[in-house]
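Now for the letters of each chain:
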Amino acid sequence: MSYGTVQSSRSGGLVQRRTGGHGAEGGRSDGSRTDEKNHDHDEDDEHDADSKETRLTLMEEVLLLGLKDREGYTSFWNDCISSGLRGCILIELAVRGRIELEKTGMRRKSLQNRKVLCRSDTPTGDVLLDEALKHIKETSPPETVQSWIEYLSGETWNPLKLKYQLRNVRERLAKMLAEKGVCTTEKQNFLLFDMTTHPLTDSTVKQKLVKKVQESVLTRWVNDPHRMDKRMLSLIYLAHASDVLENAFAPLSDDDYEMAMKRVRDLLDLDFEKESASENTNELMWCVISSFTK
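Below is a summary of the structure that appears in this document. (Residues numbered from 1 in each chain as written. Predicted model: local features only at pLDDT ≥ 70, side-chain atom pairs only at ≥ 80, totals over all residues. Heavy atoms only, no water.)

With respect to the overall build of the protein
Stage number 1. Scanning the protein from N- to C-terminus turns up 12 helices and four strands.
Stage number 2. Looking at the protein as a whole, 51% of its 294 residues qualify as buried.
Stage number 3. Just so you have it, the protein exposes about 14900 Å², and 47% of that area is on carbon and sulfur atoms. (Helix = DSSP H or I, 4+ residues; strand = E, 2+ residues; numbered from the N terminus. Buried < 20%, exposed > 50% of the residue type's maximum accessible area, 1.4 Å probe, protein only. Areas by Shrake-Rupley, 256 points an atom, 1.4 Å probe, with all protein chains shown as cover.)

Right, here's the structure in full:
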């Protein structure tokens, strides 16, 4: 199964949306390490001041949107989140200045045909990110974004590439959330088997995340992806690709829900090749987005 053409479908188990009423309105050089520090500094500045104690990665945010608050697991019908989380890993590495797309040269290649290069192998401190970064650095010749999504997901017919699969990603991310005090770890019996679950212990973290997502397409909508925070823009796209974005919109009123979904559709209809050619943008971010929405 190729994830270059993944389209997310609506899964079951979503929170019931209330009706009526109105909510919110509708080339590498010696300076690469300096650039990397600037990326890390920018990354820190992008987070809200009140979220420093529970700073989450893009992968953790997508998983948190997908987790059922009390049950502590994602929908059994969701078969999109696995590849979506791998896309999050690539974007997270890109915004931290660790990986980038190869230069285009005289003949500009399409996003999907450009290879992923290691820009800096400095560890991020995140086990999943560093594991993926190690694979990308050691792979020669380099691979495309679509290939890396497949390899990291283990969805490849090439047995020589199975070594790149990141295993138990959801469970490892849930444990990271537990370490940050967002959820806990429990064992639940489902008649024929036992399953580790992660019910929320601090609902305010998820509430703030949901509110930020809602506001980004309602009260704080700017109608220009390049004026949006890169992390929030990526979160909207990857949450949609992982089939968990609607969980954030479920509590909205009918009017706000329709407006939010309309603006998400506007984002999905953008020309990603054109957007990636703009100044001060992250080409690899747009390449990952393109992989899930083309």
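There is more to say, and it comes next.
Some details on the packing of helix α7 (residues 203–216) against helix α8 (residues 230–241)
The geometry of a pair of packed helices is captured by two quantities: the angle between their axes and the separation between those axes.
Stage number 1. The interhelical angle for the contact between α7 and α8, taken along N-to-C directions, is 95°, at an axis separation of 11 Å. Compared by their axis directions, α7 and α8 come out roughly perpendicular. Here Leu209, Lys212, Val213 and Ser216 of α7 come into contact with α8, specifically with Met232, Leu235 and Ile236.
Stage number 2. A class-by-class count of the residues in the contact of α7 with α8 yields five nonpolar, one polar and one charged. (Axes fitted to C-alpha atoms, helices over the stretch in contact; angles between N-to-C directions. Parallel < 35°, antiparallel > 145°, perpendicular 65-115°, else oblique. Contact = heavy atoms within 4.5 Å. Nonpolar A, V, L, I, M, F, W, Y, C, P; charged D, E, K, R; others polar.)

As for the pattern of salt bridges
If charged atoms from side chains of opposite charge come close, those side chains can pair.
Stage number 1. Across all of its chains, the model carries 11 salt bridges by this definition.
Stage number 2. The closest approach of N and O atoms between Lys180 and Glu60, which form a salt bridge, is 2.8 Å. Here the residue Lys180 occupies a position in the loop between α6 (169–179) and β3 (186–189), and Glu60 occupies one in helix α2 (residues 58–66), the gap between them amounting to 120 residues.
Stage number 3. Given a relative accessible area of 31%, Lys180 falls into the partly exposed group.
Stage number 4. Accessibility expressed as a relative area gives 1% for Glu60, which makes it buried.
Stage number 5. Two residues, Asp266 and Lys262, come together in a salt bridge whose shortest N-O distance is 3.4 Å. One end of the pair, Asp266, and the other, Lys262, are both in helix α10 (residues 254–268), four residues apart, so they sit about a helical turn from each other.
Stage number 6. Overall, the relative accessible area of 32% leaves Asp266 in the partly exposed class.
Stage number 7. Sharing partners across several salt bridges, the network here consists of Glu92, Arg96 and Arg231. (Salt bridge = Lys/Arg side-chain N within 4 Å of Asp/Glu carboxyl O.)

Quick word on the nonpolar core
Stage number 1. Grouped together as the largest cluster of nonpolar side chains are 77 residues, with contacts concentrated most on Leu90 and Phe249.
Stage number 2. The contact partners of Leu90, leaving out residues within four places of it in the chain, are Ile99, Ile136, Val145, Trp148, Ile149, Leu152, Leu284 and Val288. (Core = buried A, V, L, I, M, F, W, Y, C linked by side-chain atoms within 4.5 Å.)

Structural notes on the packing of α2 against α6
Stage number 1. Running from N to C, α2 and α6 point in directions that differ by 95°, and their axes come no closer than 10 Å. By the angle between their directions, the pair α2 and α6 is classed as roughly perpendicular. Together, Met59, Glu60, Leu63 and Leu64 of α2 and Arg170, Leu173, Ala174, Met176 and Leu177 of α6 make up the contact between the two elements.
Stage number 2. Looking at the contact of α2 with α6 residue by residue, the classes come out as seven nonpolar, no polar and two charged.

Points about the packing of aromatic side chains
Stage number 1. With the rule as written, the count across this model stands at six aromatic pairs.
Stage number 2. When the ring of Trp148 is compared with that of Tyr151, the centres are 5.7 Å apart and the planes differ by 80°; the resulting orientation is edge-to-face. With a gap of three residues between them, Trp148 and Tyr151 both fall in helix α5 (residues 145–153), about one helical turn apart. Residue Trp148 shares its accessibility class with Tyr151, and that shared class is buried.
Stage number 3. Pairing Tyr151 with Tyr164 gives two aromatic rings, centres 6.0 Å apart and planes at 35°, and the pair type is tilted. Within this pair, whereas Tyr151 is found in helix α5, its partner Tyr164 is found in the loop between α5 and α6, the two being separated by 13 residues in sequence.
Stage number 4. An aromatic cluster of at least three residues, connected via ring pairs, comprises Trp148, Tyr151 and Tyr164. (Phe/Tyr/Trp six-rings, centres within 6.5 Å; stacked < 30°, edge-to-face > 60°.)

Comments concerning helix α12 (residues 283–293)
Stage number 1. The buried count for α12 comes to 10 of 11 residues, which makes it a mostly enclosed element.
Stage number 2. Taken together, the buried positions of α12 are Leu284, Met285, Trp286, Cys287, Val288, Ile289, Ser290, Ser291, Phe292 and Thr293.
Stage number 3. Its side-chain oxygen at 3.2 Å from the backbone nitrogen of Leu284, Asn282 defines the N-terminal cap of α12. (Polar contact = N/O pair within 3.5 Å; in protein donor to acceptor, adjacent residues only side chain to side chain.)

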